[in-house]
Structures are given as C-alpha cells and as structure tokens.
Amino acid sequence: MYFFFRLIPPRPTYHLDMSETERTIMLQHIDYWTMLTDAGSSLLFGPVLDPKGAFGMAIIEVSSEEEAHELAEKDPVIAEGICTYELAPMRIGAVRKV
C-alpha cells in the first residue's frame with residue numbers, strides 16, 4: 001500500500017524561524033526519514049516550498065494503514081508534538097525507470 005504523508009508545521013514560517021530546539025529535532029526528523037528511505041519504506045521525502053506555507057511530504061510504501069501511522073508517529077517532530085501530519089492512501093500510476 002502507498003500513502004502520501006504530509007507533515008504539517010506549527011506555523012507557516014516554521015522553515016524560516018525554527019528555534020534551536022526545533023532545529024535540533026528537525027535534524028532528527030531528517031535522519032529518521034533518511035533511514036526509512038534507505039530501508040525502502042519511504043520512496044522519497046522532502047520539503048514542499050508552497051508560497052502559502054511550506055510543508056513536508058513523503059511517499060511511503062507499507063503493508064497497512066496502521067503501519068503508515070506507526071511510521072508517522074515515530075517521526076521525532078511528531079513524537080515531540082511540534083508538527084502534526086495527514087496520511088492519504090494513493091495509487092501509483094507509473095514510476096520512472098532509472
């Protein structure tokens with residue numbers, strides 16, 4: 001199963017004005033999603049620089065919606081209560097062959 005993961009920051013300017021504590025936890029967030037990508041659970045992840053407010057996203061591949069929520073809730077910025085998230089199931093139409 002595939003899911004679109006959206007990381008919702010606490011404010012629209014979060015990516016520009018993080019406190020030192022928030023920045024430290026955000027670096028842990030990047031390490032966490034890098035690990036998931038290396039393990040194959042995340043196909044890709046990164047920031048979306050939407051002019052209305054930046055947010056994070058990932059495409060994840062898991063065996064169930066419960067597993068998707070477990071991965072999301074272990075994200076340090078979510079576990080620490082800094083950010084929230086949304087998940088949406090998706091179908092993959094095509095993937096570019098490398």
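These numbers come from a predicted model, not from an experiment.

Student: Account for the layout of surface pockets, naming residues and giving values.
Tutor: Taken as a whole, the largest pocket encloses approximately 390 Å³ of empty space. Surrounding the largest pocket, 22 residues form its lining, Leu-7, Met-26, His-29, Pro-47 and Gly-56 being those nearest its centre. If you list the elements that add at least two residues to the lining of the largest pocket, you get β1 (2-8), α1 (14-17), α2 (20-39), β2 (42-48) and β3 (55-61). Ranked by residue count, the leading element in the lining of the largest pocket is α2, at 6 residues.

Student: Account for the pattern of salt bridges, naming residues and giving values.
Tutor: The final tally for this structure, using the stated rule, is 2 salt bridges. Residues Arg-11 and Asp-17 are paired through a salt bridge, measuring 3.0 Å at the closest nitrogen-oxygen approach. Arg-11 gets classed as partly exposed once you look at its relative accessible area, which sits at 25%. Members of the salt-bridge network, linked through shared partners, are Arg-11, Asp-17 and Glu-22.

Student: Account for the packing of aromatic side chains, naming residues and giving values.
Tutor: Working definition: an aromatic ring pair is given by the centre-to-centre distance plus the angle between the planes. Tallied over the full model, the rule gives 4 aromatic pairs. Relative to Phe-45, the ring of Trp-33 has its centre 6.4 Å away and its plane inclined at 40 degrees; by these criteria the two rings are tilted. A residue pair is termed long-range when its members are at least 10 positions apart, and Trp-33 in helix α2 and Phe-45 in strand β2 qualify at 12 residues. Among the residues examined, Trp-33 registers a relative accessible area of 1% and is labelled buried. On the accessibility criterion, Phe-45 (29% relative accessible area) is partly exposed. Against the face of Phe-55 rests Arg-6, its NZ or CZ located 3.6 Å from the ring centre.

Analysis parameters
- Residues numbered from 1 in each chain as written.
- Predicted model: local features only at pLDDT ≥ 70, side-chain atom pairs only at ≥ 80, totals over all residues.
- Heavy atoms only, no water.
- 1 Å grid on protein atoms, 1.4 Å probe; cavity = no way out; pocket = protein on both sides within 12 Å on 5 of 7 lines; lining within 4 Å.
- Points joined across faces, edges and corners; volume = space filled by probe spheres on them.
- Helix = DSSP H or I, 4+ residues; strand = E, 2+ residues; numbered from the N terminus.
- Salt bridge = Lys/Arg side-chain N within 4 Å of Asp/Glu carboxyl O.
- Buried < 20%, exposed > 50% of the residue type's maximum accessible area, 1.4 Å probe, protein only.
- Phe/Tyr/Trp six-rings, centres within 6.5 Å; stacked < 30°, edge-to-face > 60°.
- Lys NZ or Arg CZ within 6 Å of the ring centre and 35° of its normal.

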